[in-house]
Amino acid sequence: MNIVIADKSHSKYAEIICETIAESAAVRGTGIARRTPEYITTKMENGNAVIALDGDKFAGFCYIEKWGHGKFVANSGLIVHPDYRNAGLAKKIKHKVFQHSRNKFPDAKVFSITTGFAVMKMNTDLGYRPVPFSELTDDPTFWDGCQTCKNYDVLTRTNRKMCLCTGMLYDPKAKKSSKNKPIQTKVFQRLKHIKETMFLKKDKK
């Protein structure tokens, strides 16, 4: 398995990447902001993506987005092909794209919004912490990208203050303490359940 910084030569994988992301979201029943092959190709050409390949077969992917004039970056679209899941590849890709983000944008805060417990665990291991949306980028283009998510109405009802996703942030300037305890998955599960109870019941009336 080879995990590398993607470039123009990897654009041939853009379509299968988009298909894999969409299929994964459908199976899990989670909201996701859709991306086009053209968008993914642009990320590759700009050196803002990481791809995992098994020979010439696509295995996984993740890309970097820059927001707020470079004050924030996000590692988005993390996906592993079904043939390579449950083998720790997602964690390796996550670490690779996180390190690439830190090298390319050393002063930027790295953030994530996700409903996936596995991603939350990986983020926590890298030093992210849960934060309210107010601590994330206020760039309207980022939030407009959520319009294709099935939970977008929740985001608009709360004036972009809350959604079913959990906001997480890595601040390179924040002091790190060895006393900080990792947040357990059950905490995220409880938080998600609370938000689903608050917001999704309204849709069933």
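Scope of this entry: the structure provided in the associated data block. Bear in mind that the values here come from a model prediction, so they are computed numbers and not experimental data. (Residues numbered from 1 in each chain as written. Predicted model: local features only at pLDDT ≥ 70, side-chain atom pairs only at ≥ 80, totals over all residues. Heavy atoms only, no water.)

So, the pairing of strand β3 (residues 57-67)
Step number 1: β3 sits mainly inside the fold: 9 of its 11 residues count as buried.
Step number 2: Pairing between strand β2 (residues 49-54) and β3: 6 bridges, direction antiparallel. Its bridge partner being in β3, L53 is matched across the sheet by F58.
Step number 3: Hairpin connection, β2 to β3: the antiparallel pair is bridged by 2 residues, and G55 has positive phi, about 70°.
Step number 4: As paired strands, β3 and strand β4 (residues 72-80) are joined by 7 bridges and run antiparallel to one another. The residue of β4 that forms the bridge with G60 is V80.
Step number 5: Turn length for the β3-β4 hairpin, with the two strands adjacent in sequence and antiparallel, is 4 residues, and the turn residue G68 shows positive phi of about 60°. (Buried < 20%, exposed > 50% of the residue type's maximum accessible area, 1.4 Å probe, protein only. Helix = DSSP H or I, 4+ residues; strand = E, 2+ residues; numbered from the N terminus. Pairing = 2+ DSSP bridges.)

Looking at the pairing of strand β5 (residues 109-114)
Step number 1: Note: β4 against β5, 3 bridges, orientation parallel. Bridge pairing links V73 to V110 in β5.
Step number 2: Viewed along the sheet, the connection from β4 through helix α3 (residues 89-104) into β5 turns out right-handed.
Step number 3: Across 5 bridges, the pairing between β5 and strand β7 (residues 166-170) is antiparallel. Looking at β7, one finds that S112 is bridged to M168. (Right-handed = clockwise from strand over helix to strand, strands pointing away.)

Function cannot be inferred from these measures alone, as they are strictly geometric.
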